[in-house]
Every structure is written in structure tokens, then in C-alpha cells.
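Chain residues, written in single-letter form:
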Amino acid sequence: MLAYFFRRILLTIPTFVALMFATFVAIRLVPGDPVEVRVGEHGMSPERLAMFRHELGLDLPVWKQFLSYVWQLLHGDFGTSLSTQQKVLTEFLTLFPATLELSFFALMFALLIGLPTGVIAAVRRGSYFDQALMSLATIGYSMPIFWWGLLLIMFVAVNLGLTPVSGRIDLIQYYFEPVTGFMTIDALLSDQPGAFLDALHHLVLPAVVLGTVPLAVIARMTRSSMLEVLSEDYVRTARAKGLSPLRVIGLHALRNALLPVVTVIGLQTSALLAGAVLTETIFSWPGVGKWLIDSISRRDYPALQGGVMLVSTVVILVNVMVDLLYGAINPRILHGR
Amino acid sequence: MGADLTTVALAPDDAAAIILSPPSPSLAFWAAFRENKGAVFGLWLLALVVAMALLAGFIAPHSPIEQFRDAVKAPPVWEAGGSWRYILGTDGAGRDMLSRIIYGARVSLFIGLSVMSVSFVIGGALGLISAMSGAVADVAITRVMDLIMAVPSLVLAILVVAILGPSLTNTIVAVTIAYLPRYVRLMRASALGELNKDYVTAARVVGVGWLRLMMITILPNCLAPLIVQAALGVSDAILEAAALGFLGLGAQPPTPEWGSMLADSREFIRSNPWIVTFPGLAILITVVAINLTGDGLRDALDPKMRRS
């Protein structure tokens with residue numbers, strides 16, 4: 001078991017090296033003078049240019065530059081943002097909780113609706129419910145979520161006035177220092193009445209928008225995985241023993257049907273982060289996704305470089321954790337190899 | 001079919017004849033495809049979008065980029081103040097929405113098909129090479145693909161566009177890079193599966209050359225899953241390109257690209273909802289059509305992959 005875990009973790013090292021190399025090359029491909037790209041200043045005097053070139057180490061041989069880049073990364077130095085002059089890692093860590101909170105609620109939304117409806121659709125296969133759910137899933141899966149977000153803002157927030165249009169909390173009414181960076185938790189900690197509900201209120205639309213595609217994927221996956229399991233012998237045996245349908249479905253079938261669903265949830269991390277870019281842009285949600293887009297429009301290439309590096313690191317780590325979790329709940333993986 | 005079965009039961013000779021002449025593959029495929037009502041519906045929808053794209057010059061009432069200064073933000077025909085001149089209204093610059101949406105089909109399908117064909121060819125080739133050549137090439141290709149998979153597709157596309165600059169061509173390049181790994185992995189996996197089969201061993205024993213083994217013996221047997229991936233990949237590419245357009249990183253105005261039509265539509269949410277509604281609806285309908293068709297294609301091409 002340990003050997004499996006160890007090997008899986010070792011396997012990420014080449015990917016990390018490749019990632020470092022790719023981000024190292026990427027910033028060199030930006031058109032323009034490499035010093036100006038990094039300093040964000042144009043039309044510098046030759047002396048100033050030479051000074052920065054030396055300061056940034058751009059006068060060294062390329063392989064030395066790469067090694068020092070790797071060295072910096074390994075010491076947690078992901079560069080300095082041009083627009084804020086802050087360390088990219090600091091900025092990322094301040095903003096990441098917002099993205100994490102949004103993704104968490106989106107995933108909860110997807111799971112809480114996707115799992116039960118997927119199971120019901122499988123049990124009542126061919127019924128109107130099943131057909132309707134699968135049609136909706138196709139639509140959800142095909143949804144351009146930026147448009148979906150605009151539509152929901154238009155109908156739910158503007159026309160019906162049911163939710164706020166953007167942001168994480170009503171900043172005029174509530175103010176407290178961030179402790180964890182998670183607005184819902186901070187609101188609870190702040191002891192301001194109504195703050196927690198207001199934070200939740202702000203989360204509804206973005207979470208629904210970001211959760212739509214995962215919801216469709218999870219509902220489809222749960223249904224097909226459940227259908228497969230329901231035709232297994234052990235389910236028939238359980239039924240033949242006279243166990244109640246609820247027990248057969250809930251205990252015998254669902255547990256086994258969930259295995260592939262766990263993998264799919266893991267694969268959704270990457271999709272969630274990509275979706276967060278769009279969702280955060282639409283809802284002015286101050287997270288990592290919006291930050292990446294903003295750094296492009298500000299031509300803040302160091303922030304973009306460090307940001308991509310950090311986002312990808314998150315994805316790689318989550319994938320490793322999902323694999324480890326999968327190994328833990330499915331012993332066949334450990335013993336098979 | 002019922003009639004055939006009785007014939008089989010009554011006259012064994014005919015049964016032999018039937019077994020000896022199976023229906024042609026394309027007929028069998030069509031029969032299987034037609035069973036899936038959703039897929040047929042999707043195909044009709046897709047045909048409509050394709051027709052719109054091909055005939056854009058004939059059916060669009062106006063030029064997609066002409067700005068009617070006298071009719072800025074005109075409402076669609078069914079709303080108060082709407083006219084038949086601009087059936088779906090006009091946008092913030094006075095351009096006819098309907099014409100832009102019709103021409104937009106051209107742009108989106110072009111992006112989808114370009115991404116699909118380039119990644120199909122390059123991804124397929126890389127996958128085959130990865131499966132059939134030595135460890136070094138295999139490891140190198142697999143690692144690079146792992147790396148691309150580690151970056152969320154949209155973030156990767158954003159990075160590529162940030163470096164190359166926003167344009168329609170760079171959108172295609174960016175989305176192609178982001179979706180390449182799927183094709184490579186799929187091709188590699190199915191080629192590896194085929195490599196162990198007897199017919200490949202037989203071909204090797206006979207002394208078939210490496211290239212012939214790759215292109216003529218193995219490739220045709222790996223195509224089915226790749227074709228399905230390609231069909232579904234068109235819709236993903238369209239969505240991704242539209243997202244880039246929405247972020248202002250894709251096709252640049254005045255190109256009638258559906259995503260970029262939504263780019264600055266946020267300001268019209270309160271006042272002119274049609275500017276927000278129609279481009280997205282066009283994206284959704286096109287993507288649903290392709291996904292339904294792709295699902296049908298998968299079920300018909302490979303019953304094993306059928307999601308029951």
C-alpha cells in the first residue's frame with residue numbers, strides 16, 4: 001500500500017519538472033524585449049535596461065537561468081507581480097480561498113443533486129424522470145456557462161431581485177478582517193448577525209453556474225455506473241435474500257457504483273478551475289480565475305507565469321490525492337499490481 | 001427483421017445465405033444510429049446549423065458587420081418598437097443580430113472543425129508513435145501530454161493566447177493544444193490494445209514493415225473511438241473558443257463570433273436582454289446538436305461503449 005502511494009507521488013516529479021520548463025519557456029515566447037516584458041516598462045534607457053537585465057539574471061546562460069528559476073520555485077518564490085509589487089505566491093494564497101469556497105459550494109450543489117437524481121434515473125430506467133433527467137444533463141453538459149451566468153443574473157438577480165448581482169458579501173453592511181479567507185467562515189467568526197446568510201446569498205448564483213457542468217457529468221456518470229452495478233449478481237442475491245429495495249440500492253449497489261464517480265469528481269477539479277475563470281469574471285468574484293484574466297489585461301506576465309504554475313500545481317496535487325483515495329477505497333488497485 | 005427470423009426458422013438454406021451476406025457496414029451503422037431518437041434530432045439540428053453556415057450569404061438579411069447608426073439597440077420584432085427589418089434586433093453598435101448569428105455559425109463551425117481535424121491528425125499520429133516506438137519517445141510524449149492535462153484547458157488556452165496575442169487563428173492554436181492529449185491518450189491506449197492481438201503478430205511474422213504495420217494494419221482498427229472523440233471534440237472546441245471570445249481573448253470584433261458577441265453584453269442585461277440572449281442560445285443549440293449526434297455516433301459505431 002505504501003509502495004503504491006510512494007510510486008504515485010514519485011510519478012508527479014517529471015510532470016512538475018516539465019511544468020517548470022514550460023512556464024520558463026512560455027514567458028520567453030512573449031513578443032517584445034524580455035526585460036521590458038518582466039519589468040512592465042517600455043522605452044527604457046540602455047543603462048536601465050542593462051541594470052534590470054543583470055538584476056533579473058537575464059545575462060546568464062539560459063541553463064543557469066532555468067536552474068535559478070527552479071531554485072526559486074523550490075523555495076516558494078513564484079515571482080513578483082508587476083501591478084501590485086507583491087509576491088505572486090502571497091497574492092495567490094490571499095485569493096485562492098475565494099476560488100476554493102466557490103468550487104466547494106459548486107461541487108456540493110452538483111453532488112447533492114447529481115447523485116440522488118442519477119440513482120433514481122438508474123432505478124427507474126426508461127421512465128419519464130429518467131428521460132427528462134438525461135435530456136437536461138445533455139443540455140447542462142453543453143452549456144456555455146458564461147452565458148448561463150449572464151442569463152441567471154438577468155432573470156434571478158436583476159428581474160426577480162432574488163440574489164445579489166456580484167461580489168462575495170455586502171461590503172457596505174458588513175465588514176470584518178479576513179481570518180481564513182473563506183467568507184462564510186469569516187462571517188460566522190465575525191459575530192455580525194446576518195453576515196453568514198448574506199455570504200451564502202452571494203454564493204448561490206455563482207455556485208449554481210459553476211456547478212452546472214459537473215452536475216450534468218455526475219448525474220450521467222452515477223446513472224450509468226448504477227445501471228451496471230444493478231445488473232451484478234450480488235445485487236440479485238441481495239434482492240433474492242429479501243432485503244428491502246432501499247437497502248439493496250443504498251448499501252449494496254450505491255457503494256460500488258460510487259467508485260467511478262469518485263474518479264470523475266477528481267477529474268472535475270481541472271474543469272472546476274477552468275470554469276472558475278469564467279464564473280469569477282461574470283460575478284466579479286475576487287478569486288484566482290479573475291486574477292489570471294486581470295493579469296492578462298494588465299500585461300502582468302510574471303503574475304500570469306506564477307499563477308499558471310500554481311494553478312497547475314493544485315490540479316496535479318488534487319489528482320494525486322484522488323488516485324490515493326481511489327487506491328484506499330478500491331483494494332483491487334493495490335493488489336492488482 | 002421479424003420476417004427474416006421466420007425465414008431462418010423455416011428454411012435453413014436461406015439462413016446460410018443471410019449469414020453469408022451481412023448488411024453493409026454503412027447500412028448497419030445507419031440502422032443503429034436511427035434507433036437513437038436523440039441522435040437523429042441532434043443530426044437535424046446540426047444540419048440546420050451547417051446549412052446556416054453554408055448559406056449565410058443568401059439567408060442573412062444584412063451584412064454581419066454593417067452598423068446601422070439609425071437603429072442602435074433596436075429590439076426584436078415581437079417586442080414593442082421592433083420591426084421586421086431587424087428580426088432579432090440590433091446590438092450596441094447597430095449591427096443586425098440575426099445576420100451576426102447566422103454568420104457566427106460559420107465562424108464557430110470553422111473553429112470546431114479546424115481544431116478537430118488538426119488535433120485528430122497530430123494527436124492520432126503522436127499516439128500511434130507513442131504506442132509503437134521505443135520507451136524514450138513514449139515517455140517523452142506521455143509526459144508532455146500529462147503536463148498539458150495538468151493545466152486546466154481554459155487556463156492553458158488563456159496562456160497561449162496571452163503569448164501569441166488574441167485572434168481567430170491563435171484561438172484555434174490554443175484550443176488545439178489544450179485538447180491534443182485526449183486524442184493522443186486514446187490513440188495510444190487503443191493501439192497498445194491492438195498490438196498484442198494475433199493478427200498483428202501474424203503481420204509481424206510475415207515481415208510487414210514498421211510503417212505499414214502502423215498505418216495499414218493497426219490504424220484502421222483504432223479509428224472508431226478516435227472518431228467518436230473527434231465528433232464530441234468539435235463541441236468542446238466550440239465552447240472553449242466561445243469562452244475565449246467572451247473573455248476578449250478570442251476572435252476580435254467585428255468578427256461575428258458568438259462568444260465575443262457576449263463579451264461586453266453585461267452592460268445590456270438590464271436594458272436590452274436580447275443582445276445577451278441570442279448569441280448564447282446559438283452556442284447552446286449548436287453544442288447540444290453536436291453532442292447528441294456524437295453520442296449517437298458512439299452508440300452506433302461501438303455497441304460496447306453504449307451507455308445502456
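## Considerations on the overall build of chain B
Item 1. Of regular secondary structure, chain B possesses 13 helices and 0 strands.
Item 2. A principal-axis box enclosing the C-alpha atoms of chain B has dimensions of 75 × 60 × 30 Å.
Item 3. Looking at chain B residue by residue over its 308 residues, the buried ones come to 51%.
Item 4. Restricting to contacts in chain B with at least 6 residues of sequence separation, those with at least 24 account for 69%.

## Looking at the pattern of salt bridges
Item 1. Tallied over the full model, the rule gives 16 salt bridges over all chains.
Item 2. For R223 of chain A, the salt bridge identified is with D130 of chain A, shortest N-O distance 2.7 Å. Residue R223 of chain A is found in helix α10 (residues 195-230), and its partner D130 of chain A is found in helix α7 (residues 128-141); the two are separated by 93 residues along the sequence. The same class applies to R223 of chain A and to D130 of chain A, which are both buried.
Item 3. Measuring nitrogen to oxygen at the nearest pair gives 3.7 Å for the salt bridge that ties R100 of chain B to D91 of chain B.

## Concerning the nonpolar core
Item 1. With 120 residues, the main nonpolar core has F146 of chain A together with L154, I158 and L247 of chain B as its most contacted residues.
Item 2. Excluding residues that lie within four positions of it along the chain, I158 of chain B makes contacts with V277, I293 and I296 of chain A together with L244, L247 and L249 of chain B.
Item 3. Formed by 16 residues, the second largest nonpolar core is a distinct cluster that contains L128, L195, A203 and I218 of chain B.

## Let's talk about the packing of aromatic side chains
All names here are of chain A.
Item 1. Counting across every chain of the model gives 11 aromatic pairs over all chains.
Item 2. Measuring from centroid to centroid gives 5.5 Å for F104 and F105, while their planes differ by 90°, and the two rings are edge-to-face.
Item 3. Through a chain of ring-to-ring contacts, the aromatic side chains of F21, F24, F66 and Y69 assemble into a single cluster.
Item 4. The lysine or arginine in question, R28, covers the ring of F24, its NZ or CZ lying 3.9 Å from the ring centre.
Item 5. For the cation-ring pair, R220 lies above Y141, with the distance from its terminal atom to the ring centre recorded as 5.2 Å.

## Digging into unusual backbone geometry
Item 1. Look at the link from P253 of chain B to P254 of chain B: it is a cis peptide, with omega at 5°.
Item 2. Along the chain, P254 of chain B turns up in the loop between α11 (210-246) and α12 (258-261).
Item 3. With a phi angle near 55°, R299 of chain A is a residue other than glycine that sits in the positive phi range.
Item 4. Mapped onto the secondary structure, R299 of chain A falls in the loop between α13 (288-297) and α14 (301-329).

## Side note on the interface of chain B and chain A
Item 1. At the junction of the two partners, chain B supplies 40 residues and chain A supplies 47 residues.
Item 2. For the pairing of chain B and chain A, the buried interface totals around 3800 Å² over both sides, and the portion due to carbon and sulfur atoms is 76%.
Item 3. Summed over the shared surface of chain B and chain A, the result is 1 salt bridge.
Item 4. Notably, a salt bridge pairs D295 of chain B with R220 of chain A, separated by 3.4 Å at the nearest N-O pair.
Item 5. One can count 5 residue pairs in polar contact (both at pLDDT 80 or more) joining chain B with chain A.
Item 6. Looking at the side of chain B that touches chain A element by element, the count peaks at 13 residues for helix α13 (residues 273-301) of chain B.
Item 7. Residue composition of the side of chain B that touches chain A, by class: 27 nonpolar, 6 polar and 7 charged.

## Notes on the confidence of the model for chain B
Residues and elements named next belong to chain B.
Item 1. Residues with a pLDDT of 70 or more make up 90% of chain B, whose mean pLDDT is 84.
Item 2. Of all the helices and strands in chain B, helix α1 (residues 2-10) carries the lowest mean pLDDT, 45, while helix α4 (residues 37-54) carries the highest, 93.
Item 3. Between residues 1-11, whose pLDDT stays under 50, and residues either more than four places distant or in other chains, the model counts 4 contacts.
Item 4. At the level of chain-chain contacts, confidence expressed as ipTM amounts to 0.87, with global pTM at 0.87.

## So, helix α9 (residues 168-195) of chain B
Item 1. Taking 1.5 Å per residue, 28 residues should reach 40 Å; α9 of chain B reaches 39 Å between its end C-alpha atoms and fits that length.
Item 2. At Y179 of chain B, α9 of chain B shows its maximal kink, close to 40°; a proline, P181 of chain B, follows between one and four residues later.

## Comments concerning the packing of α4 of chain B against helix α6 (residues 97-132) of chain B
All names here are of chain B.
Item 1. It is the contact of α4 with α6, at a shortest axis distance of 7 Å, that shows an interaxial angle of 105°. Judged by the angle between their axes, α4 and α6 are roughly perpendicular. For the pair α4 and α6, contact is made by V49, V50, M52, A53 and L54 and by I101, I102, A105, R106 and L109, respectively.

Conventions we followed
Residue positions are given per chain, counted from 1 along the sequence in the order it is written. Whichever chain is written first becomes A and whichever ligand is written first becomes 1, with later ones labelled in order. Two thresholds apply to this predicted model, a pLDDT of at least 70 for residue-level local features and 80 or more for giving and counting side-chain atom pairs, whereas whole-chain, interface and lining totals are computed over all residues. To get the side-chain values, take all heavy atoms of the structure and skip hydrogens and water. Strands are runs of DSSP state E lasting at least 2 residues, helices are runs of H or I lasting at least 4, and numbering of each runs from the N terminus. In this scheme, a residue with accessible area under 20% of its type's maximum is buried, one over 50% is exposed, and one in between is partly exposed, where area comes from a 1.4 Å probe on protein chains only. In this description, contact between two residues means that some pair of their heavy atoms is separated by no more than 4.5 Å. Here a salt bridge means any side-chain nitrogen of Lys or Arg lying within 4 Å of a carboxyl oxygen belonging to Asp or Glu. What is meant by a nonpolar core is a set of buried Ala, Val, Leu, Ile, Met, Phe, Trp, Tyr and Cys residues, joined one to another through side-chain atoms within 4.5 Å. Stacked, tilted and edge-to-face are the three classes applied to pairs of Phe, Tyr and Trp rings, where Trp contributes its six-membered ring and a pair requires centres within 6.5 Å; stacked means planes under 30 degrees apart, edge-to-face means over 60, and tilted covers the rest. Working rule: Lys NZ or Arg CZ, within 6 Å of ring centre, within 35 degrees of ring normal, means a charge sits over the ring. When two components associate, each loses some accessible surface as probed by a 1.4 Å sphere; the sum of these losses over both components is called the buried area. Contacts described as polar in this section are N or O atom pairs within 3.5 Å, which, within protein, must combine one atom able to donate a hydrogen with one able to accept it, while residues neighboring in sequence count only if both atoms come from side chains. Side-chain classes follow a simple rule in which Ala, Val, Leu, Ile, Met, Phe, Trp, Tyr, Cys and Pro form the nonpolar group, Asp, Glu, Lys and Arg form the charged group, and the remainder, Gly included, forms the polar group. For every residue, the predictor assigns a confidence score, pLDDT, that lies between 0 and 100. To estimate how far a helix should extend, the number of its residues minus one is multiplied by 1.5 Å. One fitted axis covers the seven residues ending at a residue, a second covers the seven starting there, and the bend at that residue is the angle between these axes. The axes used here are C-alpha line fits, helices contributing only the stretch in contact, and every angle between their N-to-C directions lies in the interval 0 to 180 degrees. Working rule for angles: under 35 degrees goes down as roughly parallel, over 145 as roughly antiparallel, 65 to 115 as roughly perpendicular, anything else as oblique.

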